Number of protein chains: 2
Amino acid sequence: MEEMLVFGHKSPDTDTICSSIVMADFQKKLGKNVKAVRLGEPNKETKFALNYFEFEAPELIEKVEEGQEVILVDHNEFSQSADGIENAKIRMVVDHHRICDFLTAEPLYYRAEPVGCTNTILLKMYKEYGFEIDKKIAGIMLSAIISDTLLLKSPTKTVEDEKAVEELAKIAEVNYEEYGLEMLKAGTDLSDYSAEELIGLDCKKCELKDKKAKVAQVNTADISEMMKRKSEFEAAISKDIEENNLDLFVFAITDIINSNSQAIVLGKETTIFEKGFNTKLEDNTAFLPGVVSRKKQILPVLQENA
Amino acid sequence: MEEMLVFGHKSPDTDTICSSIVMADFQKKLGKNVKAVRLGEPNKETKFALNYFEFEAPELIEKVEEGQEVILVDHNEFSQSADGIENAKIRMVVDHHRICDFLTAEPLYYRAEPVGCTNTILLKMYKEYGFEIDKKIAGIMLSAIISDTLLLKSPTKTVEDEKAVEELAKIAEVNYEEYGLEMLKAGTDLSDYSAEELIGLDCKKCELKDKKAKVAQVNTADISEMMKRKSEFEAAISKDIEENNLDLFVFAITDIINSNSQAIVLGKETTIFEKGFNTKLEDNTAFLPGVVSRKKQILPVLQENA
């Protein structure tokens, strides 16, 4: 039996890394030979979760070979996927994002649901097949949901995510509120990242009509501390805009304690942002009260106002 | 509660019409207000099935309004969907085809599986939710699977389709082999269709690299009878090629009794067909032994040789 690969998106976050490991475990229970791999360095939050529940990070791959059978988790857009994905055989996708920049030559298993986290869907799949969930696997599933929903405070959170968190916390035998805050805070220690790294850690390319944009996001426990490095960020963003011919770059610095964001916005199409959020940028920046979700609160606003 | 619409593809076949009715029934059980509609005239096979199990055909619609909430069944490609689909809100898709020419602005429920028929997936969904299936609903679900798998003889058929047929036949209280043959034969009475209608009854547009193609298919119990109208078909196909700037048109006349097809092939890119099937067209036609499935045996061959 040929080995199938499972991976999440580039610039991996906790859901992407954990879903890959969990999907490999799920497929093993089905008798399939599936190996979890990753497309980039795990961030500090993810490392905290893996370490806590005693997992190694999956192996890094640079690209997939032609004809390689793959499973995608937590993404579907080819621009966020492995290099060479166009010529791989995509057998399965489990995801919770919109569908865009995706196509296959053959029918496949595709399961998407509009919930807060891929692992909420994976939990359903274990239950539908009657598979038991190991304590450590439950721990990383829980970590992923806490990460994607900012400890159930993000507007992307659904009732199903809440139930999943409670159920998984029991199996993992942790107090999810205590553990979750500790994990999220571990992810906000950004002091040893360069500005270039920070704008690339969790960055999504998107097309706004005929405009090219990127929306990057970092979590912090202290916006003002991060804003001390504003001119560094501006320089890194300007460089990225020039090198990639971008029309707009939005960098959201999200306060996970108080659920707000400070955006640094550059590019020749900043009016899309200003129109969308009904605000004026001052010195390339604006405060966005209550905004924590790129998917629900930033991307749709930019799409609609492009 | 606003009414949501559910529909299958243009040039509807039995699976498309029946999945719409079945999905509306499923959503009703979930307490949702969903109405089945159709994008074209049901064919004779579908009419036979609807009549047998005492259903009316869903209402015809021409297009969907901006912002209308919709569920797509048995298709995902916008080119096969309702006019205006780009500006509708797609909330759910249940399908068994490859994903292509599809995108959404928001996350959604998307469920695809590589099985022979949409209704095989719908049956799973009823069972997952513990919903009972009404005898008449089971009858049209069964009809759809028989139609899509040519009474379980098509290579698109999977073990899950077989099991579904047996299970649904019991609930519907029919002998599926007898009923199925009767239904398929009802669909092969094509005498009162014009050549234009026949090449459009079940016709899929597709892009072969940068080439525009259409692959149409009709079922028959007697290829030679159909081939008496060959020059009529050629004229209709040539007209379609000219009007739509097509590079290739493949019209497959499929013998559902003996599981073969006769193809009539026109356009300036007929070499794609000849290369793919390792054959020479004689007088614009070629016999394809064992070929009955457009999805598994024709489209991939054309894709690979374009």
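Residues numbered from 1 in each chain as written. Chains lettered and ligands numbered in written order. Predicted model: local features only at pLDDT ≥ 70, side-chain atom pairs only at ≥ 80, totals over all residues. Heavy atoms only, no water.

Observations regarding the overall build of chain A
Here comes step 1: Per the secondary structure count, chain A includes 11 helices and 11 strands.
Here comes step 2: Here the C-alpha radius of gyration of chain A, 19 Å, is about what a compact globule of 306 residues would show, namely 19 Å.
Here comes step 3: Dimensions of chain A, computed from the C-alpha atoms along their principal axes, are close to 55 × 45 × 35 Å.
Here comes step 4: Once local pairs closer than 6 in sequence are excluded, the contacts in chain A between residues at least 24 apart make up 64%.
Here comes step 5: Separation of charge centres in chain A, based on 38 positive and 56 negative side chains, amounts to 2 Å. (Helix = DSSP H or I, 4+ residues; strand = E, 2+ residues; numbered from the N terminus. Rg over C-alpha atoms; globule rule 2.2 N^0.38 Å. Contact = heavy atoms within 4.5 Å. Lys, Arg positive; Asp, Glu negative; His and termini not counted. Charge placed at Lys NZ, Arg CZ, Asp CG, Glu CD.)

Topic: the layout of surface pockets
A water-sized probe, rolled over the atoms, reveals where empty space remains.
Residue and element names in this part refer to chain A.
Here comes step 1: The computed volume of the second largest pocket comes to approximately 980 Å³.
Here comes step 2: Residue lining of the second largest pocket: 50 residues in total, with D13, D202, K204, Q217 and R294 positioned closest to the centre.
Here comes step 3: A class-by-class count of the residues in the lining of the second largest pocket yields 16 nonpolar, 18 polar and 16 charged. (1 Å grid on protein atoms, 1.4 Å probe; cavity = no way out; pocket = protein on both sides within 12 Å on 5 of 7 lines; lining within 4 Å. Points joined across faces, edges and corners; volume = space filled by probe spheres on them. Nonpolar A, V, L, I, M, F, W, Y, C, P; charged D, E, K, R; others polar.)

A look at the packing of helix α3 (residues 118-128) of chain B against helix α5 (residues 159-172) of chain B
Residues and elements named next belong to chain B.
Here comes step 1: Between α3 and α5, whose axes approach to 9 Å, the crossing angle comes to 65°. Every pair of crossing elements has a handedness; the one defined by α3 and α5 is left-handed. Contacts between α3 and α5 pair T120, L123, K124 and K127 from the former with E160, D161, A164, E167 and L168 from the latter.
Here comes step 2: Its residues placed into classes, the contact of α3 with α5 shows 3 nonpolar, 1 polar and 5 charged. (Axes fitted to C-alpha atoms, helices over the stretch in contact; angles between N-to-C directions. Left-handed = near helix turned anticlockwise from the far one by under 90°.)

With respect to the sheet that holds strand β3 (residues 59-60) of chain A
Note: strands within a sheet are paired through backbone hydrogen bonds, in either parallel or antiparallel orientation.
Here comes step 1: Taken in spatial order, the 12 strands of this open sheet run β3(A)-β2(A)-β1(A)-β4(A)-β5(A)-β6(A)-β6(B)-β5(B)-β4(B)-β1(B)-β2(B)-β3(B), and their pairing is mixed. Each end of this open sheet is capped by a strand with a single partner; those strands are β3 of chain A together with β3 (59-60) of chain B. (Pairing = 2+ DSSP bridges.)

As for the interface of chain A and chain B
Here comes step 1: Taken residue by residue, the interface counts 21 residues in chain A and 21 residues in chain B.
Here comes step 2: Note on chain A versus chain B: buried area summed over both sides is about 1,900 Å², and carbon and sulfur give 62% of it.
Here comes step 3: Summed over the shared surface of chain A and chain B, the number is 0 salt bridges.
Here comes step 4: There are 6 residue pairs in polar contact (both at pLDDT 80 or more) connecting chain A and chain B.
Here comes step 5: Here the side of chain A that touches chain B is built from residues that sort into 11 nonpolar, 3 polar and 7 charged.
Here comes step 6: Relative to strand β6 (residues 109-112) of chain B, strand β6 (residues 109-112) of chain A runs antiparallel, the two sharing 3 bridges. Bridged to A112 of chain A within β6 of chain B is Y110 of chain B. (Buried area = accessible area lost by both parts, 1.4 Å probe. Salt bridge = Lys/Arg side-chain N within 4 Å of Asp/Glu carboxyl O. Polar contact = N/O pair within 3.5 Å; in protein donor to acceptor, adjacent residues only side chain to side chain.)

Some details on the environment of C203 of chain B
Residue and element names in this part refer to chain B.
Here comes step 1: The residue C203 is located in strand β7 (residues 203-208) in this model.
Here comes step 2: C203 sits in the buried class, given a relative accessible area of 18%.
Here comes step 3: Spatially, the C-alpha atom of C203 lies 31 Å from that of K135, the residues being 68 residues apart in sequence.
Here comes step 4: Beyond its immediate chain neighbours, meaning those up to four positions away, C203 contacts S11, K214, V215, A216, F249 and R294. (Buried < 20%, exposed > 50% of the residue type's maximum accessible area, 1.4 Å probe, protein only.)

Remarks on the relation of the copies chain A and chain B
Here comes step 1: Each copy of the sequence occupies a distinct position, and chain A is placed on chain B by a rotation of 180° and an axial shift of 0.0 Å, giving an RMSD of 0.1 Å. Here the two chains are linked by the operation of a two-fold rotation axis. Among all residues of chain A, the minimum C-alpha distance to the rotation axis is found for R111 of chain A, at 2.4 Å.
Here comes step 2: Mapped onto chain B, 100% of the interface residues of chain A are again interface residues, and the two copies thus contact each other with one and the same surface. (Least-squares fit on C-alpha atoms with pLDDT ≥ 70 in both.)

Focus on the side chain of T16 of chain B
All names here are of chain B.
Here comes step 1: Looking at the element boundaries, T16 is found in helix α1 (residues 14-29).
Here comes step 2: Separated by 2.7 Å, the side chains of T16 and D74 make a polar contact.
Here comes step 3: When neighbours within four sequence positions are excluded, T16 is seen to be in contact with G8, H9, V73 and D74.

What is shown is where atoms sit, not what they do.
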